[in-house]
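Structural overview
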Amino acid sequence: MTIVEQAKQAVRGAVQDAIEKVVALAPDALMPGGKPDPLIRHKHGSIGASISRIDGPLKVRGRATFAAEFVHEGMVYASVAFSTIAKGRITALDTKAAEAAPGVVLVMTHLNAPRMQSMPLFMTAEKAGGGDNLPIMQDDRIHWNGQPIAVVLAETQEQADYAQSLIRATYESEAAVTSFATAKAAGIEPGMFMGQPLKVVKGDPDAAFASAAVRVDHRYTTPRHNHNAIEPHAATVAWVGDELIVHDASQAVSHTAWSLGHIFGISEEQVHVTSPFVGGGFGGKCLWQHQVLGAAAAKLAGRPVRIALSREGVYRLIGGRTLTEQRFAIGAEPDGRFVSLIHSGAAAVARQNAFPEPFILPTMSSYGSPNIKLDVEVAYLDMLANTFMRAPGESVGTFALESAIDETAVALGIDPVELRILNQPEQDPLKGTPFSSRHIIEAWRAGAEQFGWSKRNPTAGKMRDGEWLVGMGCATATYPYHRMPGGAARITLTKDGRARVEIAAHEMGMGTATAHTQVVAERLGLGRDQISFDYADSKFPGVVLAGGSQQTASIGASVIAAQQVLVTELLKLAGNDSPIAGLAPDEVGAFDGGLAKLDDPSRHESYVSILARAGRDEVVAEGSAPPPLETMHWSMHSFGAVFCEVGINVVTGEPRVRRILASYDCGRILNPKTAASQFRGGIIMGLGLALMEETQFDERSGRIMNPSLAEYHVPVHMDVPRIDVIWTDIPDPHAPMGARGIGEIGITGVGAAIANAVFNATGKRVRDLPITLDKLM
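This one's a predicted model, so the numbers in the text were calculated from it and none came from an experiment.

1. Some thoughts on the overall build of the chain
Along the backbone of the chain there are 18 helices and 32 strands. Taken over C-alpha atoms, the radius of gyration comes to 27 Å for the chain, in line with the 28 Å a tight globule of 777 residues would show. When the backbone C-alpha atoms are referred to their principal axes, the chain occupies close to 80 × 75 × 55 Å. Counting only contacts in the chain whose residues sit at least 6 apart along the sequence, the fraction spanning at least 24 positions is 81%. On the chain, roughly 28900 Å² of surface is accessible, and the fraction owed to carbon and sulfur atoms is 53%. Side chains of the chain carry 70 positive and 83 negative charges; the gap between the two charge centres is 2 Å.

2. A word on the nonpolar core
Nonpolar side chains in soluble globular proteins tend to be buried together. Residues Val646, Tyr664, Phe679, Ile754 and Ile771 are the most contacted members of the largest nonpolar core, which totals 69 residues. Setting aside anything within four residues of it in sequence, one finds Val646 in contact with Leu469, Val470, Gly471, Arg656, Val657, Arg658, Ile754, Ala757, Val758 and Ala761. Grouped together as the second largest cluster of nonpolar side chains are 45 residues, Met116, Val246, Phe264 and Leu317 included.

3. Digging into the sheet that holds strand S13 (residues 243-248)
The strand order across the open sheet formed by 7 strands is S3-S5-S1-S15-S12-S13-S14, and the pairing between neighbours is mixed. Each having just a single partner strand, strand S3 (104-108) and strand S14 (271-274) make up the two edges of the open sheet. Shown here is a sheet whose adjacent strand axes are inclined to one another by a mean of 20°, direction ignored. Where strand S12 (residues 234-240) and S13 come together, 6 bridges link them in antiparallel fashion. Residue pairing across strands places Val237 opposite Val246, the latter belonging to S13. Most of the contacts of helix H4 (residues 157-164) go to strand S1 (residues 76-82), to which it runs at about 25°, and overall it touches S1, S3 and strand S5 (148-154). Across the sheet, helix H8 (residues 289-301) touches S3, S5, S12, S13 and strand S15 (305-308), and the angle it forms with S12 is around 35°.

4. So, the pattern of salt bridges
Scanning the entire structure with this criterion turns up 38 salt bridges. Note that Asp55 and Lys59 form a salt bridge whose closest N and O atoms lie 2.9 Å from each other. On the accessibility criterion, Asp55 (5% relative accessible area) is buried. The partner of Glu325 in a salt bridge is Lys184, with the nearest N and O atoms 2.6 Å apart. With Glu325 in strand S16 (residues 324-332) and Lys184 in helix H5 (residues 180-185), this pair connects stretches of sequence that are 141 residues apart.

5. Concerning the sheet that holds strand S20 (residues 468-480)
Read across the sheet, 5 strands follow the order S19-S20-S28-S29-S32 without closing on themselves; strand pairing throughout is mixed. Two strands bound the open sheet, and with one partner strand each, they are strand S19 (464-465) and strand S32 (722-727). Direction of pairing for S19 relative to S20: antiparallel, over a ladder of 2 bridges. In the sheet register, Arg464 faces S20, and the bridge partner there is Leu469. Contacting strand S29 (655-665) and S32, helix H17 (residues 672-691) runs over the sheet at an angle of about 130° to S32. In the packing of helix H18 (residues 750-762) onto the sheet, the strands contacted are S20, strand S28 (637-649) and S29, and the crossing angle to S20 comes to about 155°.

6. Digging into the packing of helix H10 (residues 394-412) against H18
Each pair of packed helices can be summarised by the angle the axes make with each other and by the distance between the axes. Across the interface, H10 lies against H18 with an axial gap of 8 Å and an inter-helix angle of 35°. By crossing handedness, the relation of H10 to H18 is classed as right-handed. Here Thr398, Phe399, Glu402, Ser403, Asp406 and Val410 of H10 come into contact with H18, specifically with Gly751, Ala752, Ala755, Asn756 and Phe759. Residue composition of the contact of H10 with H18, grouped by class: 5 nonpolar, 4 polar and 2 charged.

7. Examining the packing of aromatic side chains
Enumeration according to the criterion identifies 14 aromatic pairs in this entry. Joined through ring pairs, the aromatic side chains of Phe122, Phe193, Phe355 and Phe388 make up one cluster.

8. Some thoughts on helix H12 (residues 440-451)
Residue pairs three or four apart in sequence face the same way in an α-helix, which turns once every 3.6 residues. An ideal rise of 1.5 Å per residue puts 16 Å on 12 residues; H12 measures up with 16 Å between its terminal C-alpha atoms. Taken together, the buried positions of H12 are occupied by Ile440, Ala443, Trp444, Gly447, Ala448 and Phe451. Relative to the axis of H12, the buried residues are bounded by an arc of 120° and lie together on one face. Considering only its buried residues, H12 is in contact with helix H11 (416-422), S20, S28, S29 and S32.

9. Some points on the state of the cysteines
Within this structure, the stated rule accounts for 0 disulfides. Free of any disulfide, Cys474 has its nearest neighbouring cysteine sulfur in Cys644, separated by 10 Å. Cysteine Cys666 shares no disulfide, and the gap to the nearest cysteine sulfur, in Cys474, comes to 17 Å. The buried category is assigned to Cys666, whose relative accessible area is 1%.

10. Observations concerning the side chain of Arg740
Note on placement: Arg740 falls in the loop between S32 and H18. Classification of Arg740 by relative accessible area gives buried; the value is 2%. There is a polar contact of 2.9 Å between the side chain of Arg740 and the backbone oxygen of His637. A distance of 2.8 Å separates the side chain of Arg740 from the side chain of Asp732, its partner in a polar contact.

11. Side note on the packing of helix H7 (residues 253-264) against H8
As a packed pair, H7 and H8 sit with axes 11 Å apart at the nearest point and diverge in direction by 50°. Relative to H8, the element H7 lies oblique. Crossing geometry of H7 relative to H8 is assigned as right-handed. Residues Leu260, Ile263 and Phe264 of H7 form the contact with H8, whose own contacting residues are Val292, Ala295 and Ala296.

12. As for the side chain of His255
Within the secondary structure, His255 sits in helix H7. Contact partners of His255, with chain neighbours within four places excluded, come to Phe122, Glu126, Lys127, Ala128, Gly129, Val543 and Leu545.

13. Description of H7
Here H7 contains 12 residues, and its C-alpha end-to-end distance of 16 Å stays within 8% of the 16 Å for a straight helix at 1.5 Å per residue. Among the residues making up H7, those that are buried are Val253, Ser254, His255, Thr256, Ala257, Ser259, Leu260, Gly261, Ile263 and Phe264. Summarising the contacts, the buried residues of H7 are in contact with S12, S13, S14 and H8. Following H7 by one or two positions, Gly265 has its phi on the positive side, about 70°.

14. Notes on the pairing of strand S22 (residues 499-502)
Judged from the 4 bridges that link them, strand S21 (residues 488-494) and S22 form a sheet pairing that is antiparallel. Pairing of Ile491 across the sheet is with Val501, part of S22. Hairpin geometry of S21 and S22 is characterised by an intervening segment of 4 residues between the two adjacent antiparallel strands and by a positive phi of about 80° at Gly497. Pairing of S22 with strand S23 (residues 531-534) involves 4 bridges; the strand directions are parallel. Bridging across to S23, Val501 finds its partner in Phe533.

15. Overview of unusual backbone geometry
That bond from Leu769 to Pro770 is cis: its omega, 0°, falls within 30 degrees of zero. Its place among the elements puts Pro770 in the segment after H18. Positioned with a positive phi, Phe282 is a non-glycine residue whose angle comes to about 60°. Looking at where Phe282 falls in the secondary structure, it is placed in the loop between S14 and H8. In this model, Asp592 sits at a positive phi of 50°, which is unusual for a non-glycine residue. Within the element layout of this structure, Asp592 appears in the loop between strand S24 (588-591) and strand S25 (594-597). Its relative accessible area of 70% is what places Asp592 among the exposed residues.

Definitions and limits used
Residues numbered from 1 in each chain as written. Predicted model: local features only at pLDDT ≥ 70, side-chain atom pairs only at ≥ 80, totals over all residues. Heavy atoms only, no water. Helix = DSSP H or I, 4+ residues; strand = E, 2+ residues; numbered from the N terminus. Rg over C-alpha atoms; globule rule 2.2 N^0.38 Å. Contact = heavy atoms within 4.5 Å. Areas by Shrake-Rupley, 256 points an atom, 1.4 Å probe, with all protein chains shown as cover. Lys, Arg positive; Asp, Glu negative; His and termini not counted. Charge placed at Lys NZ, Arg CZ, Asp CG, Glu CD. Core = buried A, V, L, I, M, F, W, Y, C linked by side-chain atoms within 4.5 Å. Buried < 20%, exposed > 50% of the residue type's maximum accessible area, 1.4 Å probe, protein only. Pairing = 2+ DSSP bridges. Axes fitted to C-alpha atoms, helices over the stretch in contact; angles between N-to-C directions. Salt bridge = Lys/Arg side-chain N within 4 Å of Asp/Glu carboxyl O. Left-handed = near helix turned anticlockwise from the far one by under 90°. Nonpolar A, V, L, I, M, F, W, Y, C, P; charged D, E, K, R; others polar. Phe/Tyr/Trp six-rings, centres within 6.5 Å; stacked < 30°, edge-to-face > 60°. Expected span 1.5 Å × (residues − 1). Arc of directions from axis to C-beta. Disulfide = S-S within 2.5 Å. Polar contact = N/O pair within 3.5 Å; in protein donor to acceptor, adjacent residues only side chain to side chain. Parallel < 35°, antiparallel > 145°, perpendicular 65-115°, else oblique.

As structure tokens, then:
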């Protein structure tokens, strides 16, 4: 990051701080969520019902069209060649054999690629979506080992892959920084996240720690992780005149459309991005170089292009989670109350992205202490740009935080559950703002009882089952409530009493369309079969990123705004002869397929009747959600209590998770069936984080050495134990529908719960992930 960019971020951060202070002091009534969503009071409708996913039948019948399944007449197939050095320049590219291979249409390199602007880096503008800000095939420079150097187009995928293998590149290598130790020695810099410095100091934590009666101070490390969604990244791209059409695997269609327009020098309106079905995203399905390369190659060839990355291609081109080194120090009184919390350390980043893993985030809100110091620093490497990966910051930050809490409990001789409950804050530990809703103690109590925590032996290594040592561990899970700016939705109500909602949101397997069909049905007083929920199209209203577990809140707030516009229009159309004539929008509610006076339901008229009297075939209403000021006014977070039982084989050292129970406080649960699936999916991802996932990065060459699921291990069926999930289901009065996001919290706390259980089983404390058998023998 340049000095100018740092200065701009500092200014934005100062402005943000000033706004937050003003908003925090404003009256509740002026805030979004200041008046609870009326749907919170609905107890026996569509919301809260366990409904199967509405896209399920399409998927099991093979009728759900994913990005690499769209077909255009004359379409060709792309294959990408990647660099094999970390830094330098291409001195020669021999593409003759590839160009002469059967079926080849063209080979695109920096020598013939269309001229393009660099991708606008994510968070540098409202709709910027780029994973890096490097020129894409515009010169001979190499910035990381795995950078695309050529794209082959051919009549079949097999022909393209074969021809790509014939390309020969010659390089002039330059000295590259590919070792984390070398990068740190060259100088570390302060980390920044979303325009804010990743450094907070409250009180005098160093002095308080030094004088504390009980002190725990340890170093924890987490490795690199790669994205491994079941669907590799892909896009089908076509130019129709000056319009660019992209069928993408995306969690950011509006961002992608705007950014591609910037790159190719055309307006946002000339780019149409759709993404109806996505086979998993987790932060990795945003805008990367492959979509740009596909569009550039299609422009050069004059033919539509399908570009589908191989699994290895995902590792070479798509960023993942970076490595971290974390120090966690806790100073406590003999009774267990914390007097100092220090969470600091460093993460590796690439200069073309500058996204540090913000591992201090969970420590900001989980526990109270009069003295807190949080600090993330970064060291720059010549490597693929890292990016968001499920619960960025919290997933690995909770490993250090909750491992240190467990070590403190052992040092104090206090039950780990009771120590966590003892140190719950009454208000936000750093900002002093009130919590919008916080019922983590209820979650801890319910989880401990159902899991059977009382049967745990607090002395390590004392529980045994044959040749297996058995242990139990626990940890706090946490993830903030987010609602990003830009939410908007359009509702079309037709004369037959049906409603269609359009919003540029996303469905990546988490049940978005299903849950919001339930919500919209309840909000409009219609049956679920009368609702059509359309999404993932850049032509729809809204800038709704499927990230940060914020879609539920963003869609909810956007639909509320659109419904308010719709009700106002319907009251105008109703006229003087209607039972609801003369009523104001805040005096009516949606019931039984129409509108009725809130305190006199007999004054009711159906949508069908209103439109018929007005002679209208449909009414269209579009509304924009207000700015997300509620996140500045209240401290808004989801929490959970994760319990785990492990077995460690005394002969082989093999760790096995035997069972997990997680108890969550995430506000109201809109659909228990899809929610349980989300929670379990996150927990299984946490299993991988704890026990097996690790990107093998060769620090001599900067190359990822295990770019396949044969070598990069993720949990399979035999690795996954029984997982029980429960929740408080207590609505958050300041969130739309009373609900907070659940997509990412599931992975948090799991790594620490497993590590703590391993210690309880063996007496061995593993502070470096993953927990492999060599660390236990």
